[in-house]
Amino acid sequence: MSVESLAIATGHAARRRLGVTLAMSALVVLLALVSLGIGAVRMYPWEVAQALFGSGSDVAQVIVREIRLPRMILGLAIGAILGLSGAALQGLLRNPLASPSLFGAPQSAAFGAVAVIALGLADVRSYALPVAAIAAAFGSVFALLTVAGRNAGLLILILAGLAISALAGAATALVMNLSQNPFVVLEIAFWLLGSLQDRSFQHVALALPFIVLGGVILFSQRSAFRALSLGEETAQSLGVDVARLRLVVILGVALGVGGAVAVTGTIGFIGLVAPHLMRPLIGHDPARLLLPSALAGAALLLAADIAVRIIPSTSDIKVGVLTSIIGVPFFLYLIRRERRALGGGVA
């Protein structure tokens, strides 16, 4: 291929990436607006705009500003950090099945949060909640990478992640079992299913600082992900401290996922699905995949939260249940596609 042809192809790829990013941004904005209008009281777009800017009725302003707006903000932020965390972990491990949920991070974060609630150390609006969730999430991912090793294959990572998830789930069940208050246990059980319902700006203030900080940390490592895609030895020769990068990424994931789980409970598989949806459109460069994955994660969670509000049911469907129903078949499809690497046969 000539230099001119290469330059033309590079230009086409860059324009395509920009177009995909802009399209995803527009989709996120559209879903955010739809989220503000969907619920028990349906509102047209102009009614939502009037309520947001203070010219609508008092009831409409309360519904949009106090009930739906914090829910939408959390859906956007949490979906984005889950998608970003999945892309970052896949870039760090150069592994298409890497994601926070498969490594036990949300489950461990939930255990940390449940422990401080059930033991009476903090309530659901205390900053001790995200701190405990972040510490548990950090410990789970660090433990997985320590046990599995830095060159672990897909099978080892999946088995180690399964073990950590099972341990976190058992520890959470034990804490609930030892709790003396049955009402607290019931509340925790529903909270663990993952939901954005009945969230307020207090929850936004609780989670958003940790989510933003985690996102900034992960985005700051994008050049290192690109170097790491060439292999650890090559990355080190280019000046990347791989051991430090690993700890920084774990910290970013723990901050983001821990902050998210502290206010919504466990919402799985967004971090696995979002990067895979964007990779065919953006390419395999892990640095360029971060922002589109964040946008895809935000779109997925906003869409799931809209879906649970419009699906006919006698009780409220939890968004974490819906994302798992969608995510598990997708995960099984990825395993089938990657079974050559897993040693299970021809792909």
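Anyway, here's the lowdown on the structure attached to this text. Small disclaimer: the values here were computed from a predicted structure and weren't measured. (Residues numbered from 1 in each chain as written. Predicted model: local features only at pLDDT ≥ 70, side-chain atom pairs only at ≥ 80, totals over all residues. Heavy atoms only, no water.)

## A few points about the overall build of the chain
Argument step 1. Counting secondary structure elements, the chain contains 15 helices and zero strands.
Argument step 2. Computed over its C-alpha atoms, the radius of gyration of the chain comes to 21 Å, within 12% of the 20 Å expected for a compact globule of 347 residues.
Argument step 3. By principal-axis analysis of the C-alpha atoms, the chain measures approximately 65 × 50 × 35 Å.
Argument step 4. Across the 347 residues of the chain, 52% fall into the buried class.
Argument step 5. Partitioning the intrachain contacts of the chain with sequence separation of at least 6 by distance along the chain shows that 77% fall at a separation of at least 24.
Argument step 6. For the chain, the exposed area adds up to about 16,200 Å²; of that, 68% sits on carbon and sulfur atoms. (Helix = DSSP H or I, 4+ residues; strand = E, 2+ residues; numbered from the N terminus. Rg over C-alpha atoms; globule rule 2.2 N^0.38 Å. Buried < 20%, exposed > 50% of the residue type's maximum accessible area, 1.4 Å probe, protein only. Contact = heavy atoms within 4.5 Å. Areas by Shrake-Rupley, 256 points an atom, 1.4 Å probe, with all protein chains shown as cover.)

## Describing the environment of Gly265
Argument step 1. Within the secondary structure, Gly265 is located in the loop between helix 11 (242-264) and helix 12 (270-282).
Argument step 2. For Gly265, a relative accessible area of 2% corresponds to the buried category.
Argument step 3. Separated by 18 residues in the primary sequence, Gly265 and Leu247 have C-alpha atoms spaced 24 Å apart.
Argument step 4. Beyond its immediate stretch of four places on either side in the chain, Gly265 contacts Trp191, Gly194 and Ala260.

## What to know about the packing of aromatic side chains
Argument step 1. Per the counting criterion, the structure on display carries three aromatic pairs.
Argument step 2. Ring geometry for Tyr44 and Trp46: centres 4.8 Å apart, planes at 5°, overall stacked.
Argument step 3. Judged by its relative accessible area of 51%, Tyr44 falls in the exposed class.
Argument step 4. Among the residues examined, Trp46 registers a relative accessible area of 53% and is labelled exposed.
Argument step 5. Centre to centre, the rings of Phe138 and Phe142 are 6.2 Å apart; their planes meet at 10°, and the pair counts as stacked. Separated by four residues within a single helix, Phe138 and Phe142 lie in helix 5 (residues 128-148), roughly one turn from each other.
Argument step 6. By relative accessible area, which is 40% here, Phe142 ends up partly exposed. (Phe/Tyr/Trp six-rings, centres within 6.5 Å; stacked < 30°, edge-to-face > 60°.)

## Remarks on the environment of Ala105
Argument step 1. Tracing the sequence through the fold places Ala105 in helix 4 (residues 105-118).
Argument step 2. Along the sequence, Ala105 and Gly161 sit 56 residues apart, while their C-alpha atoms lie 8.9 Å from each other.
Argument step 3. When residues no more than four places from it in sequence are discounted, the contact partners of Ala105 are Pro100, Ala137, Ser140, Val141 and Val257.

## Re a nonpolar patch on the surface
Argument step 1. There is a patch of nonpolar side chains on the surface, built from Leu186, Phe190, Leu193, Val321, Ile325 and Ile326 and spanning about 550 Å² of accessible area.
Argument step 2. Listed by contribution, the elements that provide at least two residues to the nonpolar patch are helix 7 (182-192) and helix 14 (319-337).
Argument step 3. When residues of the nonpolar patch are assigned to their parent elements, the largest contribution, three residues, is made by helix 14.
Argument step 4. Using a relative accessible area of 36% as the deciding quantity, one classes Leu193 as partly exposed. (Patch = residues over 30% accessible without salt bridge, like charges linked within 9 Å, V, L, I, M, F, W, Y side chains within 5 Å. Salt bridge = Lys/Arg side-chain N within 4 Å of Asp/Glu carboxyl O.)

## Quick notes on the side chain of Gln61
Argument step 1. Inspection of the secondary structure puts Gln61 in helix 3 (residues 58-93).
Argument step 2. For Gln61, a relative accessible area of 16% puts it in the buried group.

## Side note on the nonpolar core
Argument step 1. Residues Ile78, Leu92, Phe103, Leu245 and Val249 are the most contacted members of the largest nonpolar core, which totals 105 residues.
Argument step 2. Of the residues forming this core, the biggest block, 17 residues, is contributed by helix 3.
Argument step 3. Apart from the residues within four sequence positions on either side, Val249 is in contact with Ala88, Leu89, Leu92, Leu218 and Phe225. (Core = buried A, V, L, I, M, F, W, Y, C linked by side-chain atoms within 4.5 Å.)

## Brief notes about helix 5
Since there are 3.6 residues in each turn of an α-helix, residues three or four apart along the chain are aligned in direction.
Argument step 1. Helix length check: helix 5, at 21 residues, gives a terminal C-alpha distance of 30 Å against a target of 30 Å (1.5 Å per residue), a fit within 8%.
Argument step 2. Every buried residue of helix 5 is accounted for by Leu129, Pro130, Ala132, Ala133, Ile134, Ala136, Ala137, Ser140, Val141, Leu144, Leu145 and Ala148. (Expected span 1.5 Å × (residues − 1).)

## Regarding the packing of helix 3 against helix 12
Argument step 1. Running from N to C, helix 3 and helix 12 cross one another at 70°; their axes reach a closest spacing of 7 Å. On the basis of the axis angle, helix 3 is roughly perpendicular to helix 12. Across the interface between the two elements, Gly79, Leu82, Gly83, Gly86, Ala87 and Gln90 from helix 3 touch Ile270, Gly271, Leu272, Ala274, Pro275, His276 and Arg279 from helix 12. (Axes fitted to C-alpha atoms, helices over the stretch in contact; angles between N-to-C directions. Parallel < 35°, antiparallel > 145°, perpendicular 65-115°, else oblique.)

## Section: the packing of helix 12 against helix 13 (residues 286-310)
Argument step 1. Interaxial distance between helix 12 and helix 13 falls to 8 Å at its minimum, and their mutual angle equals 125°. The pairing of helix 12 with helix 13 is recorded here as oblique in orientation. At the point where helix 12 passes helix 13, the crossing takes the right-handed sense. Facing helix 12, whose interface residues are Ile270, Val273, Ala274, Pro275, Leu277, Met278, Arg279 and Ile282, helix 13 presents Arg288, Leu289, Pro292, Ser293, Ala296, Gly297, Leu300 and Leu301.
Argument step 2. Classifying every residue of the contact of helix 12 with helix 13 gives 12 nonpolar, two polar and two charged. (Left-handed = near helix turned anticlockwise from the far one by under 90°. Nonpolar A, V, L, I, M, F, W, Y, C, P; charged D, E, K, R; others polar.)

## Observations regarding helix 12
Argument step 1. Between its first and last C-alpha atoms helix 12 spans 18 Å; for 13 residues at 1.5 Å apiece the expected length is 18 Å, and the two agree.
Argument step 2. Of all 13 residues in helix 12, 10 are buried, a share of seventy percent or more.
Argument step 3. Taken as a whole, helix 12 has its buried residues at Ile270, Gly271, Leu272, Val273, Ala274, Pro275, His276, Met278, Arg279 and Ile282.
Argument step 4. Remark: Gly283 follows helix 12 within two positions and exhibits a positive phi of approximately 110°.

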